[in-house]
Amino acid sequence: MSKVFKKTSGNGHIALYLGKRDFVDNVDSVEIVDGVVKVDPSGLNGRKVFVYLACAFRYGSEDLDVIGLSFRRDIWIQRVQVYPPTGGNATKSPMQESLMKKVGEQGCAFSFQMPPNLPCSVALQPGPNDSGKACGVDFEVKAYIANAADSADEVIEKKDTCRLMIRKIQFAPPNDKPGPKAEITKQFMMTDKPVHLEASLQKEVYYHGDPITVNVKINNETAKVVKKIKIFVEQLTNVALYSSDTYTKAVCTEEFGETINANSTFEKSFQLKPLLSNNNEKRGIAVDGRLKDEDTHLASTTLSQGDKEMQGILISYKVKVNLIVSGGGLLGGLTASDVTVELPLTLMSPKPAEV
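The numbering scheme is per chain: residues are counted from 1 as the chain's sequence reads. Where totals are concerned, whole chains, interfaces and linings use all residues; where local detail is concerned, this predicted model gives features only for residues with pLDDT of at least 70, and gives and counts side-chain atom pairs only at 80 or more. The side-chain quantities take in all heavy atoms of the structure and omit both hydrogens and water.

Visitor: Help me understand the overall build of the protein in this model?
Guide: Under the scheme used here, helices are H or I runs from DSSP no shorter than 4 residues and strands are E runs no shorter than 2 residues, and both carry numbers assigned from the N terminus. Assigned secondary structure in the protein consists of one helix and 20 strands. Looking at the protein residue by residue over its 355 residues, the buried ones come to 46%. Put simply, of all contacts in the protein between residues at least 6 apart along the chain, 69% involve residues at least 24 apart. Only the protein chains shown count as cover for residues, and all accessible areas are computed by the Shrake-Rupley method using a 1.4 Å probe. When the accessible area of the protein is evaluated, it comes to approximately 18400 Å², of which 47% is carbon and sulfur surface. Residue burial is assigned from relative accessible area. The probe radius is 1.4 Å, only protein chains are included, and a residue is buried under 20% of its type maximum, exposed over 50%, and partly exposed in between. Contact definition: two residues touch when any of their heavy atoms are within 4.5 Å.

Right, dumping it as structure tokens:
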């Protein structure tokens, strides 16, 4: 094991050990979260040691919690007692065996199996003048000393706890399918023939930082002129908690000064590259969850099984192709119009070789 992540409680009586902090969601199942807690029984005073794994939606800084408002809402939480041990000796994973060698006889192993319908780690980018933690979905492993696993009457002091943040992440599935295609035929006022627009993506899945190729075909049978082509990549952030609200933000916008004259056809491929670095000042852009202040990128598309309802923050993308069509004739700009098609876009990170 190349690295061990460790956090010790303020009183030194318990210490939490994890062999990794990124856990992969393969859509139908999630990697087991396994670790070890080192327990010094002499400091427990008859109390027990528990560990929980919680997936929570955070919508404000904990520093602001001065009027009893909770700024965290647990989406899912599971608790286990690690000391005194309960039940028999469960089979330890290779990760736990390795951690136990490091910790010694005072080590108590634990594991959690997350359900597949939890969201991934994601944060909403704060604005330039915002302070405190970003809103988002995070995952926390916490060990604590208490009389009961979850008692409303018991106050657990901070010195009796230790916690590590982890991430639940998804990688792009192996996919060489062709991308989606959409088309529209639009008839304008005072014209008897239409404009036909067809747009397609070269492939179904794109990686962060890769240029996205959009193929555009236009058949302009009208007397109007297509003045320019605008192509957007939009991020749709669905915040599903008490209700379901979707926020749409353009993360990449390109304008191409292509002119398609009356009664003519046009075919061309355009490239766009949606990058977080071009959206650093935009409040509310969703980014992949990060541990500490490492680099991240635009949030990845959320893959789901489709039949299970998910809570938290769910991410999707679409590409919009928009033709600006001039009026022409006596009425000029009064009869100007747009022709628009939309394509679903899957934007993710490739699966690393070692995962």
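Visitor: Can you walk me through the packing of aromatic side chains in this structure?
Guide: Two rings from Phe, Tyr or Trp (for Trp, the six-membered ring) form a pair when their centres sit within 6.5 Å of each other. Planes less than 30 degrees apart are called stacked, planes more than 60 degrees apart edge-to-face, and all others tilted. Counting across every chain of the model gives five aromatic pairs. Residues Phe 266 and Phe 270 carry aromatic rings whose centres are separated by 6.5 Å and whose planes lie at 25 degrees to one another, so their mutual orientation is stacked. On the basis of relative accessibility, which here comes to 16%, the residue Phe 266 falls in the buried class. On the basis of relative accessibility, which here comes to 3%, the residue Phe 270 falls in the buried class. Grouping aromatic residues by their ring pairs yields a cluster made of Phe 50, Tyr 52 and Tyr 144.

Visitor: Just checking my understanding: could you explain the confidence of the model for the protein for this structure?
Guide: Any residue range with low pLDDT should be treated as having predicted coordinates unsuitable for detailed reading. The score called pLDDT rates the predictor's confidence residue by residue, from a low of 0 to a high of 100. With 88% of its residues at a pLDDT of at least 70, the protein reaches an overall mean of 86. Confidence, expressed as mean pLDDT per element, reaches its minimum in the protein at helix 1 (residues 94–103) with 87 and its maximum at strand 14 (residues 212–220) with 95. Considering only residues more than four positions removed or in separate chains, one finds that residues 64–68, a stretch of pLDDT under 50, has three contacts. Note that pLDDT drops below 50 for residues 330–335; the model gives that stretch six contacts with residues more than four away or on any other chain.

Visitor: For this particular structure, what's the right way to read the sheet that holds strand 19 (residues 312–325)?
Guide: Sheet strands pair by backbone hydrogen bonding; their relative direction is either parallel or antiparallel. When DSSP locates at least two bridges between a pair of strands, those strands are taken to pair. Ordered by their spatial adjacency, five strands build an open sheet running 13-20-19-15-16, and the pairing between neighbours is mixed. The sheet is open, and its two borders are formed by strand 13 (205–207) and strand 16 (244–256), each paired with just one other strand. Neighbour-to-neighbour, the strand axes of this sheet turn through a mean angle of 35 degrees, independent of strand direction. The pairing of strand 13 with strand 20 (residues 337–348) spans three bridges and is parallel. The partner of Val 205 across the bridge, within strand 20, is Thr 346. To get an axis, a line is fitted to the C-alpha atoms, and for a helix only the part in contact is used. The angle between two axes follows their N-to-C directions and goes from 0 to 180 degrees.

Visitor: What is the right way to look at the sheet that holds strand 2 (residues 14–18) in this model?
Guide: In space, the four strands of this open sheet follow the order 1-2-4-7, with antiparallel pairing throughout. The sheet is open, and its two edges are formed by strand 1 (5–8) and strand 7 (107–112), each paired on a single side. Strand-to-strand twist of the sheet, defined as the mean angle between neighbouring strand axes without regard to direction, takes the value 20 degrees. In terms of strand pairing, strand 2 meets strand 4 (residues 33–39) through five bridges, oriented antiparallel. From the neighbouring strand, Leu 18 faces strand 4, where its bridge partner is Gly 35. Here helix 1 sits on the sheet and contacts strand 2, strand 4 and strand 7; the angle it forms with strand 4, its principal contact strand, is near 20 degrees.

Visitor: Honestly, the pairing of strand 12 (residues 194–201) in this entry has me stumped. Any pointers?
Guide: Where a strand is regular, its side chains alternate between the two sheet faces. Within strand 12, seven of the eight residues are buried, which leaves the element mostly enclosed by the surrounding structure. Across seven bridges, the pairing between strand 11 (residues 181–187) and strand 12 is antiparallel. Within the sheet, the bridge partner assigned to Lys 186 lies in strand 12 and is Val 195. Once strand 11 ends, the chain turns through six residues before running back antiparallel as strand 12, passing Met 190 with a positive phi of about 70 degrees. Both strand 12 and strand 14 contribute to a ladder of seven bridges, which runs antiparallel.

Visitor: Mind showing me how you'd approach the environment of Pro 352 here?
Guide: If you trace the backbone, Pro 352 turns up in the segment after strand 20. On a C-alpha basis, the gap between Pro 352 and Ala 172 in space is 10.0 Å, while along the polypeptide they are 180 residues apart.

Visitor: Would you take a moment to explain the side chain of Lys 168 for this structure?
Guide: Structurally, Lys 168 can be placed in strand 10 (residues 161–169). The exposure class assigned to Lys 168 is buried, which follows from its relative accessible area of 0%. Counted as a polar contact is a pair of N or O atoms within 3.5 Å, where, for protein atoms, one must be capable of donating a hydrogen and the other of accepting one, and residues adjacent in sequence contribute only when both atoms are in side chains. Of note is the side chain of Lys 168, whose polar atom sits 2.7 Å from the side chain of Asp 25. Not counting chain neighbours up to four residues away, the residues in contact with Lys 168 comprise Phe 23, Asp 25, Val 30, Met 114, Leu 118, Pro 119, Cys 120, Ser 121 and Phe 139.

Visitor: Hey, could you run me through the pattern of salt bridges in this one?
Guide: Pairing between side chains becomes possible if they bear opposite charge and their charged atoms approach one another. We count a salt bridge whenever a side-chain nitrogen from Lys or Arg sits within 4 Å of a carboxyl oxygen from Asp or Glu. One pass over the full model with this rule turns up 14 salt bridges. Between Glu 234 and Lys 320 there is a salt bridge whose closest N-O contact spans 3.7 Å. Of the two residues, Glu 234 is situated in strand 15 (residues 226–240) and Lys 320 in strand 19; the sequence distance between them amounts to 86 residues. In this structure, Lys 318 and Glu 342 form a salt bridge, with 3.4 Å as the shortest nitrogen-oxygen distance. Of this pair, Lys 318 sits in strand 19 while Glu 342 sits in strand 20, and the two are 24 residues apart along the sequence. Taking the relative accessible area as the measure of exposure, Glu 342 reaches 40% and is therefore partly exposed.

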